[in-house]
Amino acid sequence: IKPAYYEDEIVISACVSSLHYAKIEFYYTVKRGEELLTTGKTIHGFVDSKTFKPINAKKFDKELYEAVQNSIEKIDG
């Protein structure tokens, strides 16, 4: 939306915007003071650390999955 410059102090905020059994999506905002500079998102997959095959996060750690699910902020746009 707007550029950031080398000397700028910026704040990067992140929140979970969606959660599925095998993936999680993060939504980001970058601000200079109250001025919105940009937004973005990344999607990450849950995988087994030995095989790198997708795993079901809810089955792996149900309590953590439900805690993250309950903390999701609703994002407009």
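Read on for an overview of the structure. On a predicted model such as this, the values are computed, not experimentally measured, just so you know. (Residues numbered from 1 in each chain as written. Predicted model: local features only at pLDDT ≥ 70, side-chain atom pairs only at ≥ 80, totals over all residues. Heavy atoms only, no water.)

## Focus on the overall build of the protein chain
Scanning the protein chain from terminus to terminus reveals two helices and three strands. In sequence order, the protein chain lays out its α and β elements as β-β-β-α-α. Relative to its length of 77 residues, the protein chain is extended, with a C-alpha radius of gyration of 16 Å against a globular reference of 11 Å. Its C-alpha atoms give the protein chain principal-axis dimensions of about 45 × 25 × 20 Å. With 77 residues in all, the protein chain has 17% of them scored as buried. Taking all contacts inside the protein chain whose residues are at least 6 apart in sequence as the whole, residues at least 24 apart take part in 36%. For the protein chain, the computed accessible surface area is about 6300 Å², with 55% contributed by carbon and sulfur atoms. (Helix = DSSP H or I, 4+ residues; strand = E, 2+ residues; numbered from the N terminus. Rg over C-alpha atoms; globule rule 2.2 N^0.38 Å. Buried < 20%, exposed > 50% of the residue type's maximum accessible area, 1.4 Å probe, protein only. Contact = heavy atoms within 4.5 Å. Areas by Shrake-Rupley, 256 points an atom, 1.4 Å probe, with all protein chains shown as cover.)

## With respect to the nonpolar core
Across soluble globular proteins, you tend to see nonpolar side chains buried next to one another. Counting residues in hydrophobic clusters, the biggest one holds six residues: Val16, Leu19, Ile24, Ala57, Tyr65 and Ile72. In this structure Ala57 touches Tyr21, Phe46, Lys62 and Tyr65, once residues within four positions along its chain are discounted. (Core = buried A, V, L, I, M, F, W, Y, C linked by side-chain atoms within 4.5 Å.)

## A short note on the pattern of salt bridges
Evaluation of the coordinates by the stated rule reveals four salt bridges. Here Arg32 ties to Glu35 by a salt bridge, and the two come within 3.0 Å at their closest N and O atoms. We classify Arg32 as partly exposed; its relative accessible area is 22%. Taking the relative accessible area as the measure of exposure, Glu35 reaches 29% and is therefore partly exposed. (Salt bridge = Lys/Arg side-chain N within 4 Å of Asp/Glu carboxyl O.)

## Notes on the side chain of Glu25
With respect to the element layout, Glu25 can be found in strand β2 (residues 23-32). Glu25 gets classed as buried once you look at its relative accessible area, which sits at 17%. Setting aside residues no more than four positions away along its own chain, Glu25 makes contact with Cys15, Val16, Ser17, Ser18, Lys41, Thr42 and Ile43.

## Focus: the packing of aromatic side chains
On inspection of all chains with the given rule, the structure shows one aromatic pair. Geometrically, the ring pair formed by Tyr21 and Tyr65 is stacked, given 5.8 Å between the ring centres and 15° between the ring planes. Of this pair, Tyr21 sits in the loop between β1 (11-19) and β2 while Tyr65 sits in helix α2 (residues 62-71), placing them 44 residues apart in sequence. With a relative accessible area of 45%, Tyr21 lands in the partly exposed category. (Phe/Tyr/Trp six-rings, centres within 6.5 Å; stacked < 30°, edge-to-face > 60°.)

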